[in-house]
Amino acid sequence: MNLTLKVWRQNSAKEAGNLVSYPVKDISEDMSFLEMFDVLNEQLITKGEVPIAFDHDCREGICGMCSMFINGRPHGPKQGVTTCQLHMRSFKDGDTIVVEPWRAKAFPVVKDLVVDRSAFDRIIASGGFISVNAGNAQDANNIPIPKPDADKAFDAAACIGCGACVATCKNSSAMLFVSAKVSQLALLPQGKIEATMRVKEMVAQMDKEGFGNCSNTGACEIECPKGISLENIARMNREFYSANITE
Amino acid sequence: MGITGLFLVTFLIVHCGINACIFFNDGGVTFNAAAEFMATNLFIRIMEYVLFIGIVVHIVQALVLTLHNNKARPVKYAMNNGAANSKWYSRWMGLLGTLILMFLIIHLDHFWLKTRFTGLDQHTLFDQMKSSFSHLWVVLIYCAGMVSLSYHLMHGVQAAFQTLGWNHKKYTPFVKKAGFVFSIVVPFIFALMPIFMYAGWIK
Ligand code: HEM
Ligand code: SF4
Ligand code: FES
């Protein structure tokens, strides 16, 4: 298939960027979106131009690196997939595809489609951990945990920190990400000990990073490749209010 | 936002209930009695101030929220398909709220300023309603105001529950349905008042 790509090119954080058109030819329907970018970059290199910088790593939907805002949606038109899991058969021959980086004050552009998501790391570092020694693998079985709680914690733990929730949110709010990280630990006995401190610190760090406020449009839940539920945001709100009331 | 929003919702229920008294179609006897009770009851008098504070706080919160959220994305997307993942009215709450505010100003000028300050002289609130709603443009503005209110609440009611952390596998589907029905029914009853009056169906 032949396509026209309009890709955001920006040399560095300080310089201004713009959308540049690139024709790509003979793309296989079975290629992933990133493989299509590899083809384009090979073309650019052969022509002596600078290839397009984009983030990727595992290319199997588990690392969360492949941030691309494709035709107005994070990770493109399909629900429940990352960009590396998106295939070219989701597009039609002759399509024009607009590709932009995640846009948020807290995710500044580094180069082209690469953004700096270290704000997420700082949020995790502010409270997304437990300080008790949880022992070795078999010790985990000594603490019985109700199946429904274990399931909810596991679902929340599926978050890969990709930032699609922030990218799509009209307010650039990081509530889905932070609430997944808060919930994952708050639901388990090992995480309960530091629960109050955790939610306060993580919310404070989230605000400090310049993310917007949640207004419950629900866009994040639809676009999240891992199906993280809005229930987590409500849970974090509860945790946050009770943490502020008790202390 | 959630607390002030839900507080305003409770006001809507009372206000709608009182005003619906005109549908008794008894020349406004029941309605005027209810209005008279509201105008003289000390608790209601105090609640009127609380209500105004509630509206002002809600608007201030809305402004702070909107300004802050606009700053969180300094460079906008060239292409952003918001319709793919959220309802338009959830993204336009600020605009819908502003339309409601414009309606409120006209509304308060019609009924509240005249009853509290300039005085109604001989005629009653019911007469005031009848004369206000004898103009087509007033009826149209009221209907437009109620459409804005309806969409504002369609997102707002269920959103407020989520903001306050009241999300539950069993109850949330019910809250969403009830919020949806509420946001249609209450503005609809309100809108029927000017329409019925204009049409002359209420004597
Ligand atoms: C007077 C002008 C008004 C303005 C400017 C206004 C503005 C807003 C804004 C900007 C929001 C936040 C929307 C968002 O989540 O993005 C909001 C939420 C809300 N509003 Fe209003 N509003 C007004 C009147 C009302 C009235 C009259 C009611 C009810 C009778 C109401 C009920 C609500 C509710 C329940 C919410 C949801 C709160 C939440 O998300 O937690 N508003 N309003
Ligand atoms: S919540 Fe979903 S969209 Fe947000 S960072 Fe985690 S995996 Fe990505
Ligand atoms: S490259 Fe790892 S999730 Fe896409």
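These remarks concern the structure in this document. Each residue is numbered by its place in its chain's sequence as written, counting from 1. Lettering of chains starts at A and numbering of ligands starts at 1, both following the order in which they are written. pLDDT decides what is reported in this predicted model: residues at 70 or higher carry local features, side-chain atom pairs at 80 or more are listed and counted, and totals for whole chains, interfaces and linings draw on all residues regardless. Side-chain measures were taken over the full set of non-hydrogen atoms in the model, leaving aside hydrogen atoms and water.

1. Some remarks on the overall build of chain B
A helix here means a DSSP run of H or I that spans at least four residues, while a strand means a run of E at least two residues long, and both kinds are numbered starting from the N terminus. Scanning chain B for helices and strands turns up 8 helices and 0 strands. For chain B, the α and β elements follow one another from N to C terminus as α-α-α-α-α-α-α-α. Referenced to the eigenvectors of the C-alpha coordinate spread, the extents of chain B come out at roughly 60 × 35 × 30 Å. Exposure categories follow from relative accessible area, calculated using a 1.4 Å probe and restricted to protein chains: below 20% of the type maximum is buried, above 50% is exposed, and the middle band is partly exposed. For chain B, buried positions account for 39% of its 203 residues. The criterion used for residue contact is that any of the two residues' heavy atoms lie within 4.5 Å. Of the contacts made within chain B by residues no fewer than 6 positions apart, 79% connect residues no fewer than 24 positions apart. Only the protein chains shown count as cover for residues, and all accessible areas are computed by the Shrake-Rupley method using a 1.4 Å probe. With an accessible surface of roughly 11600 Å², chain B has 75% of that area assigned to carbon and sulfur atoms. With 14 positive and 6 negative side-chain charges, chain B shows a separation of 27 Å between the mean positions of the two kinds. In this charge count, Lys and Arg are treated as positive and Asp and Glu as negative; neither His nor the chain ends contribute. By convention, charge coordinates are those of NZ in Lys, CZ in Arg, CG in Asp, or CD in Glu.

2. Focus on the site of ligand 2
We define proximity as follows: a residue is near a molecule or strand when any one of its heavy atoms falls within 4 Å of that partner. Surveying the vicinity of ligand 2 reveals 13 residues, the closest of which are A:Cys159, A:Cys162, A:Gly163, A:Cys165 and A:Cys224. For the shell around ligand 2, the secondary-structure elements that each account for two or more residues are α4 (164-168) and α5 (175-186) of chain A.

3. Let's talk about the interface of chain B and chain A
Every contact between the two is made by 27 residues of chain B and, on the other side, 37 residues of chain A. Values labelled buried area give the accessible surface lost by two parts on being combined, using a 1.4 Å probe and summing over both. For the pair chain B and chain A, the two sides together bury roughly 2700 Å², of which 50% comes from carbon and sulfur. Three residues stand out in chain B for area buried against chain A, namely B:Arg73, B:Tyr77 and B:Asn85, and they jointly supply 23% of the buried area on that side. Whenever Lys or Arg places a side-chain nitrogen within 4 Å of a carboxyl oxygen from Asp or Glu, that contact is recorded as a salt bridge. Counting across the chain B and chain A interface gives 1 salt bridge. A:Glu231 serves as the salt-bridge partner of B:Lys169, at 3.2 Å between the closest nitrogen and oxygen. Contacts described as polar in this section are N or O atom pairs within 3.5 Å, which, within protein, must combine one atom able to donate a hydrogen with one able to accept it, while residues neighboring in sequence count only if both atoms come from side chains. The interface formed by chain B and chain A includes 27 residue pairs in polar contact (both at pLDDT 80 or more). Elements represented by at least two residues in the side of chain B that touches chain A include exactly α3 (42-71), α4 (88-91) and α7 (136-163) of chain B.

4. As for the coordination of the iron atom of ligand 1
In an ideal octahedron of six donors the angles at the metal are 90 or 180 degrees, and in an ideal tetrahedron of four donors they are 109.5 degrees. Residue and element names in this part refer to chain B. Listed as protein donors to the iron atom of ligand 1 are His 58 (NE2) and His 152 (NE2); their distances from the metal cover 2.0 to 2.1 Å. Given 6 donor atoms and angles of 86 to 179° at the metal, the environment of the iron atom of ligand 1 is assigned as octahedral. Of this pair, His 58 sits in helix α3 while His 152 is found in helix α7, placing the two residues 94 residues apart along the sequence. Residues His 58 and His 152 agree in their burial class; the two are buried. Donor atoms (N, O, S) are those found within 2.8 Å of the metal centre, with the cutoff raised to 3.2 Å for Na, K and Ca; water is not part of the atom list, so apparent gaps in a site can occur. Angle rules define the geometry names used: all angles between 85 and 135 degrees makes four donors tetrahedral, while opposite donors over 155 degrees apart and all other angles between 65 and 115 make four donors square planar and six octahedral, leaving every other case irregular.

5. Side note on unusual backbone geometry
Residues and elements named next belong to chain A. The backbone phi angle of Asp 26 is positive, close to 55°, even though this residue is not glycine. Mapped onto the elements, Asp 26 comes out in the loop between β2 (18-24) and α1 (33-46). One non-glycine residue, His 75, adopts positive backbone phi at about 65°. Relative to the helices and strands, His 75 is located in the loop between β4 (73-74) and β5 (96-100).

6. Here's the deal with the sheet that holds β4(A)
All names here are of chain A. Should DSSP find at least two bridges between two strands, the strands are regarded as paired. Reading across the sheet, the 5 strands line up as β2-β1-β5-β3-β4 and stay open at both edges, with mixed pairing between neighbours. Two strands close off the open sheet at either side, each with one partner strand: β2 and β4. Sheet topology note: the strand β1 (residues 3-9)/β5 ladder contains 4 bridges and is parallel. Paired with Val 7 across the strands is Val 99, a residue of β5. Contacts from α1 reach β1, β2, β3 (69-70) and β5 within the one sheet, and its direction differs from that of β2 by about 90°. To define axes, lines are fitted to C-alpha atoms, for helices over the stretch in contact only, and angles between the resulting N-to-C directions are given on a 0 to 180 degree scale.

7. Structural notes on the site of ligand 1
Taken together, 24 residues surround ligand 1, and among them A:Ser215, B:His58, B:Met93, B:His152 and B:Thr163 come closest. The environment around ligand 1 is built from residues contributed by chains A and B. One of the side-chain nitrogen or oxygen atoms of B:Thr163 is found 2.8 Å away from an oxygen atom of ligand 1. Only α1 (2-19), α3, α5 (93-118) and α7 of chain B provide two or more residues apiece to the shell around ligand 1. Residues are grouped as follows: nonpolar covers Ala, Val, Leu, Ile, Met, Phe, Trp, Tyr, Cys and Pro; charged covers Asp, Glu, Lys and Arg; every other residue, Gly included, is treated as polar. Considering only residue class, the shell around ligand 1 consists of 13 nonpolar, 11 polar and no charged.

8. Here's the deal with the nonpolar core
With 37 residues, the main nonpolar core has A:Phe107, A:Phe120, A:Ile123, A:Val166, A:Val178, A:Met206 and A:Phe211 as its most contacted residues. Breaking this core down by element, the ones donating at least two residues are α2 (118-127), α4, α5, α7 (195-208) and α9 (231-246) of chain A. Examining the composition of this core, we find that 6 residues originate from one element, α5(A), more than from any other. Residue ranges assigned to each domain were obtained from an automatic or database domain assignment. Taken together, domain 1 (3-110) and domain 2 (118-246) of chain A each give at least three residues to this core, which thus spans both. In this structure A:Phe120 touches A:Phe107, A:Gly161, A:Gly163, A:Val166, A:Ala174, A:Phe177 and A:Phe211, once residues within four positions along its chain are discounted. Here, nonpolar core means buried Ala, Val, Leu, Ile, Met, Phe, Trp, Tyr and Cys residues that are tied together by side-chain atoms lying within 4.5 Å of each other. Listed in part, the 29 residues of the second largest apolar core include B:Val9, B:Phe133, B:Val138 and B:Met193.

9. Considering the packing of α1(B) against helix α2 (residues 29-40) of chain B
Residue and element names in this part refer to chain B. Axis separation between α1 and α2 bottoms out at 9 Å; the angle between their running directions is 140°. Relative to α2, α1 is oriented oblique. Residues Val 14, Ile 18 and Asn 19 of α1 form the contact with α2, whose participating residues are Phe 31, Ala 34 and Met 38. When grouped by side-chain class, the residues that make up the contact of α1 with α2 number 5 nonpolar, 1 polar and no charged. In this scheme, roughly parallel covers angles under 35 degrees and roughly antiparallel covers those over 145, while 65 to 115 is roughly perpendicular and the rest are oblique.

10. Brief notes about the side chain of A:Ser183
Residues and elements named next belong to chain A. Looking at the element boundaries, Ser 183 is found in helix α5. A residue is classified by how much of its surface remains accessible, and Ser 183, at 0% relative accessible area, is buried. A distance of 3.1 Å separates the side chain of Ser 183 from the side chain of Asn 232, its partner in a polar contact. Beyond its immediate chain neighbours, meaning those up to four positions away, Ser 183 contacts Ala 156, Asn 232 and Arg 235.

11. Describing the pairing of β1(A)
All names here are of chain A. The element β1 is extensively covered by neighbouring structure, given that 5 of its 7 residues are classed as buried. Alignment of β1 against β2, held across 7 bridges, turns out to be antiparallel. Residue pairing in the sheet places Thr 4 in a bridge with Pro 23 of β2.

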